[in-house]
Amino acid sequence: MDFRELVNLRQSVRKYSDKPVEKQKIEQLIEAVHIAPSACNSQPWKLIIVDNPELKNKVAKATFSKAISFNKFTVEAPVIAVLVIEKAKLIAQLGGKVKNQEYAQYDIGIAADHFCLQAAELELGTCILGWFDEKKIKKLLNIPKKRKVGLVITLGYPPKDYKLRKKIRKPVEQICGFNTY
């Protein structure tokens, strides 16, 4: 499939079948993250694949509560990936301070995109979550206190009848300018 087909195929999936994700496919996803570019090649992330069903359910339940229930679908996903922000190389840290930028935040976004696009090519569904109880997840996965959970990604096979939604986007003129804002 070409790139245009791939990016149109990728969408946030919020319903999963109970079909397990094959280890070989998980290894391909890990490799996609492994080759993702980053500022100064820092690779400031640790990818944690949570596929133990009991632990996965505990992590999933840390993405919603009684009051905030929009992530309840996470318990359906057979796998959850957690991207932890690691320390960047010194040169990237210094550059970030000088430019008032958090390059590691951008880098995990790129890594997450590699993960999700590879998943789409493998006919797997994903959903990137920014809403979660970081303290609970850090405790469940033994993440050091000085590290930050950047993103959580659900992973699994969408049900056979899961429809590809029409992508509704702003007009190109609102998101792009040539030679000026």
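Structural data are supplied above this passage.
Procedures and definitions
- Residues numbered from 1 in each chain as written.
- Predicted model: local features only at pLDDT ≥ 70, side-chain atom pairs only at ≥ 80, totals over all residues.
- Heavy atoms only, no water.
- Pairing = 2+ DSSP bridges.
- Helix = DSSP H or I, 4+ residues; strand = E, 2+ residues; numbered from the N terminus.
- Axes fitted to C-alpha atoms, helices over the stretch in contact; angles between N-to-C directions.
- Contact = heavy atoms within 4.5 Å.
- Left-handed = near helix turned anticlockwise from the far one by under 90°.
- Buried < 20%, exposed > 50% of the residue type's maximum accessible area, 1.4 Å probe, protein only.
- Phe/Tyr/Trp six-rings, centres within 6.5 Å; stacked < 30°, edge-to-face > 60°.
- Lys NZ or Arg CZ within 6 Å of the ring centre and 35° of its normal.
- Expected span 1.5 Å × (residues − 1).

(A) Fine view of the sheet that holds strand 4 (residues 148-156). Spatially, 1-2-4-3 is the arrangement adopted by the four strands of the open sheet, whose pairing is antiparallel. Strands with a single pairing partner mark the edges of an open sheet, and in this sheet they are strand 1 (45-50) and strand 3 (125-129). Each neighbouring strand pair of the sheet contributes to a mean axis angle of 20°, computed without reference to strand direction. Here strand 1 runs beside strand 2 (residues 79-85); their pairing, made up of six bridges, is antiparallel.

(B) Examining the side chain of K56 more closely. Along the chain, K56 turns up in helix 3 (residues 53-61). Beyond its immediate stretch of four places on either side in the chain, K56 contacts V50, T74, V75, A77, P78, V79 and I80.

(C) Focus on the packing of helix 2 (residues 23-34) against helix 5 (residues 103-121). Where helix 2 meets helix 5, the closest approach of the two axes is 8 Å, and the angle between their N-to-C directions is 145°. When you trace helix 2 past helix 5, the crossing you get is right-handed. Contacts between helix 2 and helix 5 involve Q28, L29, A32 and V33 from the first element and A111, H114, F115, Q118 and A119 from the second.

(D) The arrangement of the pairing of strand 4 in detail. The buried fraction of strand 4 is high, at eight of nine residues. In this sheet, strand 4 lies alongside strand 2 in antiparallel orientation, the contact comprising seven bridges. Looking across to strand 4, one finds that A81 is bridged to I153.

(E) Up close: the packing of aromatic side chains. Following the criterion strictly, the structure yields two aromatic pairs and no others. When the centroid spacing of 5.7 Å and the interplanar angle of 65° are considered together, the rings of F70 and W131 count as edge-to-face. Of this pair, F70 sits in the loop between helix 3 and strand 2 while W131 sits in the loop between strand 3 and helix 6 (134-140), placing them 61 residues apart in sequence. For the cation-ring pair, K19 lies above Y157, with the distance from its terminal atom to the ring centre recorded as 4.2 Å.

(F) Quick peek at helix 5. For helix 5, with 19 residues, the first-to-last C-alpha span of 27 Å sits near the 27 Å given by 1.5 Å per residue. When we look at burial in helix 5, the residues that qualify are A104, D107, I108, A111, A112, F115, C116, L117, Q118, A119 and A120. In this structure, the buried residues of helix 5 make contact with helix 1 (3-9), helix 2, strand 1, strand 2, strand 3 and strand 4. Once helix 5 finishes, E123 follows within two positions and takes phi at roughly 65°, a positive value.

(G) Expanded view of the pairing of strand 2. Among the seven residues in strand 2, seven count as buried, and that is most of the element. Judged by which residues are buried, strand 2 turns out to be covered on both faces: V79, A81, L83 and I85 on one side and I80, V82 and V84 on the other are all buried.

(H) Looking closely at unusual backbone geometry. The phi torsion at E123 lies on the positive side, around 65°, for a residue other than glycine. Here E123 lies in the loop between helix 5 and strand 3. Phi at N179 takes a positive value of approximately 65°, unusual for a residue other than glycine. Within the secondary structure layout, N179 lies in the segment after helix 7 (172-175).

That's the geometry; what it means functionally is another story.
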